[in-house]
Amino acid sequence: MSKETAVKSGNKSNWGMIGINLILSLVSVYLFEFWFKEVIALPNMVQKVENIAIVILTILTYFIAKTYYIKGVMNTAKKIFILLGLSIVILGLMLLSVKTPSDVIYPFSGILLVSIAFYMLSLSAGTLNTIGIIGLALVFATPIAFLKWFNTIGWGMTVELGQFAIFVILFLGGTWSQIRSALHGIRGVNSTESGTGDGGDGDGDTGDE
C-alpha cells in the first residue's frame with residue numbers, strides 16, 4: 001500500500017468516525033430530551049419517578065465505575081460491592097416500573113441513552129480534559145446568560161441554546177482527533193518491511209506502535 005493510498009484510507013476512516021460520533025452526540029442530547037418528555041407524560045406518577053431514578057442511578061453507577069479509587073484489595077472489593085448493589089437496585093426499579101409489556105421501552109431506552117451520553121462525555125473528557133470542557137462551557141454559557149439577563153431571549157430559547165452548546169461540546173470532544181486527522185491527513189506512516197502503516201497511523205504518534 002502506497003503512502004497516498006494509506007492517507008486516503010485513513011481519511012475515510014476518520015470521516016466515518018466523525019459521522020458516527022455526530023449521530024451519538026445528537027442522540028445524547030435531543031433523543032434524551034424526547035425520552036424525558038415521554039416519561040413525564042406518563043399518567044402514573046410512581047412510574048415517572050422510577051424511570052427517572054433508573055437514569056440517575058445509572059449515571060451514578062457509571063461515574064463510580066469510572067472514578068472510584070481501586071488501589072488495594074479492599075478498595076477494589078468495595079467498588080465491586082457498590083456497583084453490584086447499584087445494579088441490583090436499578091434492575092429492581094426496572095421491574096417495578098414496568099406495568100405492561102410495552103412499558104419496557106422506558107427504562108430500557110433510558111439506560112441506553114444515558115450510556116451513549118456517558119460514553120460521549122468520557123470521550124470528551126479524554127480529548128478536551130476538564131479544563132477544555134469547562135472552557136468551552138464558559139464560552140457558550142456566557143453569551144447565553146447575558147442574552148437571558150437582558151431578556152433578549154426567553155427560557156425556551158435559553159434551554160435550546162444550552163442543549164446546542166452541550167451537543168457541540170460532546171461532538172468536538174468526541175471527534176477532535178478525527179477532525180484534525182481528516183483535515184490535515186495522516187501525519188506519518190510507520191516504517192515496516194511492507195511499507196504500510198498500522199491502524200494507529202495519523203493519531204499523532206512518533207514511532208512504531
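For every chain, the first residue of the written sequence is number 1, and numbering continues from 1 onward in sequence order. At least 70 in pLDDT is required for a residue's local features to be given in this predicted model, at least 80 for side-chain atom pairs to be given and counted, and no such filter applies to totals for whole chains, interfaces and linings, which use all residues. Side-chain metrics rest on all non-hydrogen atoms present in the structure, leaving aside hydrogens and water.

Description of the side chain of Gln 47
- Secondary structure counts use DSSP, requiring at least four H or I residues in a row for a helix and at least two E residues in a row for a strand, with both numbered from the N terminus. Here Gln 47 is to be found in helix 2 (residues 45–67).
- We define a polar contact as two N or O atoms separated by no more than 3.5 Å, with the added condition that, inside protein, one atom must be a possible hydrogen donor and the other a possible acceptor, whereas residues neighbouring each other in sequence contribute only through side-chain atom pairs. Reaching out from Gln 47, the side chain makes a polar contact with the side chain of Asp 103 at a distance of 3.1 Å.
- By definition in these notes, contact holds between two residues if any of their heavy atoms fall within 4.5 Å. Residues in contact with Gln 47, not counting those within four places in the same chain, are Leu 42, Ser 97, Lys 99 and Asp 103.

Section: the packing of aromatic side chains
- Aromatic pairing here means that ring centres of Phe, Tyr or Trp (its six-membered ring) are within 6.5 Å. Orientation follows from the plane angle: under 30 degrees is stacked, over 60 is edge-to-face, and everything else is tilted. Applying the stated criterion across every chain, the model contains six aromatic pairs.
- Between Phe 32 and Trp 35, the aromatic rings sit 5.5 Å apart at their centres with planes inclined by 25 degrees, giving stacked as the arrangement. Of the two residues, Phe 32 and Trp 35 both sit in helix 1 (residues 3–40), three residues apart, roughly one turn of that helix.
- Only protein chains enter the accessibility calculation, which uses a 1.4 Å probe; a residue whose area is less than 20% of its type maximum is buried, one above 50% is exposed, and one in between is partly exposed. Given a relative accessible area of 23%, Phe 32 falls into the partly exposed group.
- Ring plane angle 15 degrees and centroid distance 6.1 Å describe the contact between Phe 167 and Phe 171, whose orientation is recorded as stacked.

What to know about the pattern of salt bridges
- Salt bridge, as used here, is a side-chain nitrogen of Lys or Arg placed within 4 Å of a carboxyl oxygen of Asp or Glu. In total, this model carries one salt bridge according to the counting rule given.
- With a shortest N-O distance of 3.2 Å, Lys 37 and Glu 33 are connected by a salt bridge. With Lys 37 and Glu 33 both in helix 1 and four residues apart, the pair spans about one turn of that helix.
- Exposure remark for Lys 37: the relative accessible area of 52% places this residue in the exposed category.

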